[in-house]
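# Understanding the architecture of this molecule
Residues per chain are reported as follows:
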Amino acid sequence: MAKGYYSLGLVGYELWTDPNDCDRMMVLYVGTQREQVARSYKVQMTPKGRPYVRPHGRRIYLDLVLRTDI
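Read on for a plain summary of the structure. Since this is a predicted model, take the numbers as computed values, not measurements. (Residues numbered from 1 in each chain as written. Predicted model: local features only at pLDDT ≥ 70, side-chain atom pairs only at ≥ 80, totals over all residues. Heavy atoms only, no water.)

### Topic: the nonpolar core
Our working rule: We define a nonpolar core as any set of buried Ala, Val, Leu, Ile, Met, Phe, Trp, Tyr and Cys residues linked to one another through side-chain atoms lying within 4.5 Å. The cut-offs for exposure are 20% and 50% of the maximum accessible area for each residue type, with area from a 1.4 Å probe on protein chains only; residues under the lower value are buried, those over the upper are exposed, and the others partly exposed. A run of H or I in DSSP counts as a helix once it spans at least four residues, and a run of E counts as a strand once it spans at least two, with each numbered from the N terminus.
Membership of the largest hydrophobic core is limited to 11 residues, which are Tyr6, Tyr13, Leu15, Met25, Val27, Tyr29, Tyr41, Val53, Ile60, Leu62 and Val65. Of all the elements, strand S3 (residues 24–30) adds the most residues to this core, at 3 residues.

Here it is as structure tokens:
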């Protein structure tokens with residue numbers, strides 16, 4: 001995935017592949033209440049093989065992310 005978005009309503013997350021490590025995703029919280037700093041998170045897998053990242057304790061499944069590179 002080159003770039004994608006995960007919506008939480010009026011706010012959400014922007015995700016893209018970490019350029020330094022292919023097993024990690026960069027995640028940026030896009031909203032008005034928090035400082036916008038991108039952080040790198042390891043891509044984890046559920047027991048059934050569904051990939052996700054976990055910013056701020058929230059599971060974001062990568063198959064639910066709206067991709068913009070298509």
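### Describing the sheet that holds strand S2 (residues 12–17)
Condition: For two strands to be treated as a pair, DSSP must find no fewer than two bridges joining them.
The strand order across the open sheet built from 5 strands is S4-S3-S2-S1-S8, with neighbouring strands paired in antiparallel fashion. Two strands lie at the open edges of the sheet, namely strand S4 (39–42) and strand S8 (66–67), each paired on one side alone. Two elements, S3 and S4, share 4 bridges in a ladder whose sense is antiparallel. Across the sheet, Arg24 pairs through a bridge with Lys42, a residue of S4.

### Some details on the side chain of Thr46
As a reminder of what qualifies: In this description, contact between two residues means that some pair of their heavy atoms is separated by no more than 4.5 Å.
Looking at where Thr46 falls in the secondary structure, it is placed in the loop between strand S5 (44–45) and strand S6 (51–53). Thr46 has contacts with Tyr52, Arg59 and Tyr61, leaving out every residue within four places of it along the chain.

Note that all results are geometric; they support no functional claim without further evidence.
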